[in-house]
Structure formats: C-alpha cells, structure tokens
Amino acid sequence: MQDWKEIKDEKDIETLLDLYGHFHDGCLREVHIVTRESITKELSMTFDGHLTATLLFQRQYKNPTVIELRFDNVEKLNFNPPASQFNSIIYDVTFKKVDNLFYWASEDNWEIGDNDAVWISGESVFWRERPELIGQVNRLNDE
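For every chain, the first residue of the written sequence is number 1, and numbering continues from 1 along that sequence. Only residues with pLDDT of at least 70 are given local features in this predicted model, and only at 80 or more are side-chain atom pairs given and counted; all residues enter the totals for whole chains, interfaces and linings. The basis for every side-chain value is the complete set of non-hydrogen atoms in the structure, without hydrogens or water.

Caption draft 1: Structural detail: the pairing of strand S8 (residues 101-105). Exposure classes here rest on a 1.4 Å probe applied to the protein chains alone. A residue is buried below 20% of its type maximum, exposed above 50%, and partly exposed in between. What counts as a helix is a DSSP run of H or I of at least four residues, what counts as a strand is a run of E of at least two, and both are numbered from the N terminus. Extensive coverage of S8 is indicated by the burial of five of its five residues. Covered by surrounding structure in S8 are Leu101, Tyr103 and Ala105 together with Phe102 and Trp104, the residues of both alternating faces. Relative to S8, strand S7 (residues 94-98) runs antiparallel, the two sharing five bridges. Bridging across to S8, Phe95 finds its partner in Trp104. Two strands pair under a simple rule: DSSP has to find at least two bridges between them. Linkage of S7 to S8, two consecutive antiparallel strands, is achieved through a turn of two residues, within which Asp99 is found at a positive phi near 55 degrees. Pairing geometry for S8 and strand S9 (residues 119-129), over four bridges, is antiparallel. Note on S9: the bridge partner recorded for Trp104 is Ile120.

Caption draft 2: Examining helix H1 (residues 10-19) more closely. Taken as a whole, H1 has its buried residues at Ile13, Leu16 and Leu17. Angular distribution of buried residues about the axis of H1 spans 100 degrees; they occupy a single face of the element. For H1, exposure combined with an orientation more than 90 degrees from the buried face picks out Lys11 and Asp18. Should any heavy atoms of two residues lie within 4.5 Å, those residues are counted as being in contact. Looking at the packing, one finds that the buried side of H1 touches strand S1 (5-7), strand S6 (66-78), S7, S8 and S9. Polar contact is defined as a pair of N or O atoms within 3.5 Å, subject to the rule that within protein one atom must be able to donate a hydrogen and the other to accept it, and that residues adjacent in sequence are counted only when both atoms are side-chain atoms. Capping of H1 at its N-terminal end is provided by Asp9; its side-chain oxygen lies 3.2 Å from the backbone amide nitrogen of Lys11. Downstream of H1 by a residue or two, Gly21 has a phi angle that is positive, lying close to 60 degrees. Working note: the arc is built from the helix axis to C-beta atom directions.

Caption draft 3: Structural detail: a nonpolar patch on the surface. Patch building starts from residues that exceed 30% relative accessible area and form no salt bridge, then joins like charges within 9 Å and nonpolar side chains (Val, Leu, Ile, Met, Phe, Trp, Tyr) within 5 Å. Accessible areas in this description were obtained via Shrake-Rupley with a 1.4 Å probe; residue shielding takes into account the shown protein chains only. By salt bridge we mean one thing: a side-chain nitrogen of Lys or Arg within 4 Å of a carboxyl oxygen of Asp or Glu. A surface patch of nonpolar side chains, amounting to about 500 Å² of accessible area, comprises Ile39, Leu43, Met45 and Phe47. Since its relative accessible area comes to 56%, Phe47 is described here as exposed.

Caption draft 4: Molecular detail of the environment of Ser106. With respect to the helices and strands, the residue Ser106 is situated in the loop between S8 and S9. Residue Ser106 is classed as buried on the basis of its relative accessible area, which comes to 18%. Setting aside residues no more than four positions away along its own chain, Ser106 makes contact with Ile90, Asp92, Val93, Ala117 and Val118.

Below, the structure written as structure tokens:
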C-alpha cells in the first residue's frame, strides 16, 4: 500500500480535516467499489462479503488539491446524486469514528442514519494525495 496513510483515531481524522480544509469547496469526483467475489480459472466462485471503496476528491485549494480515501471492509455506502437544480459542492464534512467503524459524510453535523447525505462507513480508512488526477481525468479505460 504505497503512499497510503492509515487513519487510526480521532487525532488522525482531525489532522486530515485540517490539512484538507474540511473538504471545503471540494467535490467527490469518483467512487470505486471492489468486491472480493470472483470466478477462478476452474470456474468456481470465491467470496467473503467484504468491500473496498475508494473515493477521489478534488478541491479549489492547493496542498493538497486531490486526495483519495480508501475504506476497507465497507459496512454501508449511501450515494444520492444531486437533483438537477442542485450542485454537489462540499462545504464541510463529518468524519468520525464510532465504536469500531469510521464514518465520512458530505455534510457537517451529519448523524448516522441520515440518508440525505452521501456517506460511507467502514472498518478501516486510508488516504493519499493524488495530484496527477486533477480535472476531468478518467481512470476507467473502456476502450
């Protein structure tokens, strides 16, 4: 896990929030979900029910402008695209650890169970800078 920094506790969360300006004037650019389900060459199925999700954020400030969060063993991902008359600018976020789960939500003062926000929870969280992914970069190659 090259360049990934683990978030272990509230202190690590606050450090990232301070560094990234609480995600102010940011946007969620990409969400990638990977399951551990697969089919082997012998056509048998393997699975364990665990998900990993990476979220790529861009913001209108430097140092850093682009970061990626990775949630391992995702418990829940709630994604609601904004209605056409709204934008999806992030002004402030909620990022906290409750019991053994980390929660990130696109709104300040978010409470667990509020499904109006985009939010994710998982057992562990890592982050890294991704300056090369500024703009309309498409990492999925569908050629």
